[in-house]
Amino acid sequence: VQQAYEETKRVCGFRDPDFFFALLAGNGNGVNPAHTEAKVKEFLRKNAHRYLLAGAKNFLSQLSLRGRVSILSVGTGWFQREKIEASGILSPVCEVHVVKNKRDFFQGITPNKGVFLTDDSPLQIIQVKKAFPWVTTVLLNKKKDSPAADITARTFDDVLKAMAS
């Protein structure tokens, strides 16, 4: 399971659940497709903490002191929810939305200055900003700045400082 998860990230550039499940079912590792979901859930319970960005738990706790915190996650519903639940970050979170594209989520929100999207994907930032210029976008990227984002931060602490100013 670990090997399929890492191979999915390498090949797809992100965690694509459909590719991941296809690898599990077809790589001859003895995983019965009927038991794939149980195996994946077991893997996530043991390893989800490894896939959190450093400082994520503290960041969400600090945000919850400022207002409503929601997690938007792209992917397959049960897989993403299981991964988020297993990571241990739910306590300060009001709601979790699993979507095919984060841009679609913002269609139902009334524009206001208090809406922030923090993401480590430049593509998600670009798509949301283009469709909803009123959303303050924050790219969490340790390597480079992005002209598409309102704010580029290297750490979650940097994001909190930028949101305060």
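Given the structure is predicted, the values throughout are model-derived calculations rather than measurements.

**Re the sheet that holds strand S4 (residues 136-140)**
Ordered in space as S3-S4-S5, the three strands form an open sheet in which the pairing is parallel. Every other strand in the sheet has two partners, leaving strand S3 (116-119) and strand S5 (151-153) as the edge strands with one partner each. Strand-to-strand twist of the sheet, defined as the mean angle between neighbouring strand axes without regard to direction, takes the value 20°. Relative to S4, S3 runs parallel, the two sharing four bridges. Among the inter-strand pairings, Leu117 is bridged to a residue of S4, identified as Thr137. Contacts from helix H7 (residues 122-131) reach S3 and S4, with the element oriented near 170° to S4.

**Side note on the packing of helix H4 (residues 56-64) against helix H8 (residues 156-164)**
Between H4 and H8, whose axes approach to 9 Å, the crossing angle comes to 20°. By the criterion of interaxial angle, the relationship of H4 to H8 is roughly parallel. Two packed elements cross with a definite hand, and for H4 against H8 that hand is right-handed. Together, Ala56, Asn58, Phe59, Gln62 and Leu63 of H4 and Phe156, Asp157, Val159, Leu160 and Met163 of H8 make up the contact between the two elements. When grouped by side-chain class, the residues that make up the contact of H4 with H8 number seven nonpolar, two polar and one charged.

**Focus on H8**
Along H8, the positions that sit buried rather than exposed are Phe156, Val159, Leu160 and Met163. Angularly, the buried residues of H8 cover 100° about the axis, an arc narrow enough to put them on a single face. In this fold, the buried residues of H8 make contact with H4, S3, S4 and S5.

Reading the values: rules and limits
- Residues numbered from 1 in each chain as written.
- Predicted model: local features only at pLDDT ≥ 70, side-chain atom pairs only at ≥ 80, totals over all residues.
- Heavy atoms only, no water.
- Pairing = 2+ DSSP bridges.
- Helix = DSSP H or I, 4+ residues; strand = E, 2+ residues; numbered from the N terminus.
- Axes fitted to C-alpha atoms, helices over the stretch in contact; angles between N-to-C directions.
- Contact = heavy atoms within 4.5 Å.
- Parallel < 35°, antiparallel > 145°, perpendicular 65-115°, else oblique.
- Left-handed = near helix turned anticlockwise from the far one by under 90°.
- Nonpolar A, V, L, I, M, F, W, Y, C, P; charged D, E, K, R; others polar.
- Buried < 20%, exposed > 50% of the residue type's maximum accessible area, 1.4 Å probe, protein only.
- Arc of directions from axis to C-beta.

Nothing here speaks to function; it is geometry throughout.
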